[in-house]
Amino acid sequence: SNLLTSIIIITMKTAIFASLLAAVSAFAPASQKVAQTTSLSAFEEELGVQPPLGLWDPFGLLNGADQERFERLRYVEIKHGRICMLGVVGYLVNKAGIYLPGDISYGTSFESLGSGWDASFAVPVAGALQVLAFVGALELAFMKDATGENEFVGDFRNGFIDFGWDSFDAETQMAKRAIELNQGRAAQMGMLGLMVHDKLGNVDTLLPPF
């Protein structure tokens, strides 16, 4: 039980770290633009390259990159941003004492798990396997361009769910995509901060009283 739970925790931390590396490639102080390579200059008009930071690639992830490489990194950034947005909300909801009804596995209720790192290590094997199965199903069947109809990186509508997206004009669509991208970047940093301070034991001093 402890081994499986530890594997899941390590996977989560690795995913968040990878998302931060992907996200950091999209930021840059404007003063560094002079030093940008020809490859980097090709991406200066991409979504997410915006004031006051512009384009930033301190790890050289885009050195010699083509459009396909850029879109792969953008896909990873959007994906982990979405995961962390859900993660931050889930963390705060549990901290507020709100849990799903019922049991995560026989004899273990969601409410009994607590929150943060303690909750992660308290998940029994059966519950952890359910989480892995659910995430795997999303990854393999839904959270991807399954039909080839995507209009941009991260478009997972697959001709099924729209929520009025096509009713927006092009400018509004770009604005909403930029909002999601920036909220995802903030959530990645927020999730990392919550994890660190939870482990340090002082996360409650950073949150408002629930």
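Further up the page is the structure itself.
Note that the structure is a prediction, hence the values are computed from the model and not measured.

Calculation rules
- Residues numbered from 1 in each chain as written.
- Predicted model: local features only at pLDDT ≥ 70, side-chain atom pairs only at ≥ 80, totals over all residues.
- Heavy atoms only, no water.
- Axes fitted to C-alpha atoms, helices over the stretch in contact; angles between N-to-C directions.
- Helix = DSSP H or I, 4+ residues; strand = E, 2+ residues; numbered from the N terminus.
- Parallel < 35°, antiparallel > 145°, perpendicular 65-115°, else oblique.
- Left-handed = near helix turned anticlockwise from the far one by under 90°.
- Contact = heavy atoms within 4.5 Å.
- Nonpolar A, V, L, I, M, F, W, Y, C, P; charged D, E, K, R; others polar.
- Core = buried A, V, L, I, M, F, W, Y, C linked by side-chain atoms within 4.5 Å.
- Buried < 20%, exposed > 50% of the residue type's maximum accessible area, 1.4 Å probe, protein only.
- Phe/Tyr/Trp six-rings, centres within 6.5 Å; stacked < 30°, edge-to-face > 60°.
- Lys NZ or Arg CZ within 6 Å of the ring centre and 35° of its normal.

The angle between the axes and the distance between the axes are what describe a pair of packed helices. Their axes nearest at 7 Å, the elements helix α3 (residues 67-95) and helix α6 (residues 170-200) cross at an angle of 55 degrees. Classed by the angle they form, the pair α3 and α6 counts as oblique. Between α3 and α6 the crossing geometry is left-handed. Together, R74, E77, I78, H80, G81, R82, C84, M85, G87, V88 and Y91 of α3 and E180, L181, Q183, G184, R185, A187, Q188, G190, M191, L194 and D198 of α6 make up the contact between the two elements. Its residues placed into classes, the contact of α3 with α6 shows 9 nonpolar, 7 polar and 6 charged.

Counting residues in each nonpolar core, the largest one holds 10 residues, listed as C84, V88, Y91, W117, A187, M191, L194, M195, V203 and L207. Within the residue set of this core, elements represented by two or more residues are α3 and α6. Ranked by the residues each element gives to this core, the list is headed by α6, at 4 residues.

With that settled, the discussion passes to the packing of aromatic side chains. For the structure on display, the rule yields 5 aromatic pairs. Seen in terms of ring centroids, W165 and F168 are 6.1 Å apart; in terms of plane orientation they differ by 85 degrees. Their pairing is edge-to-face. Among the aromatic side chains, those forming a connected cluster through ring pairs are F152, W165 and F168. Over the face of the ring belonging to W117 we find K199, whose NZ or CZ atom lies 5.5 Å from the ring centre.

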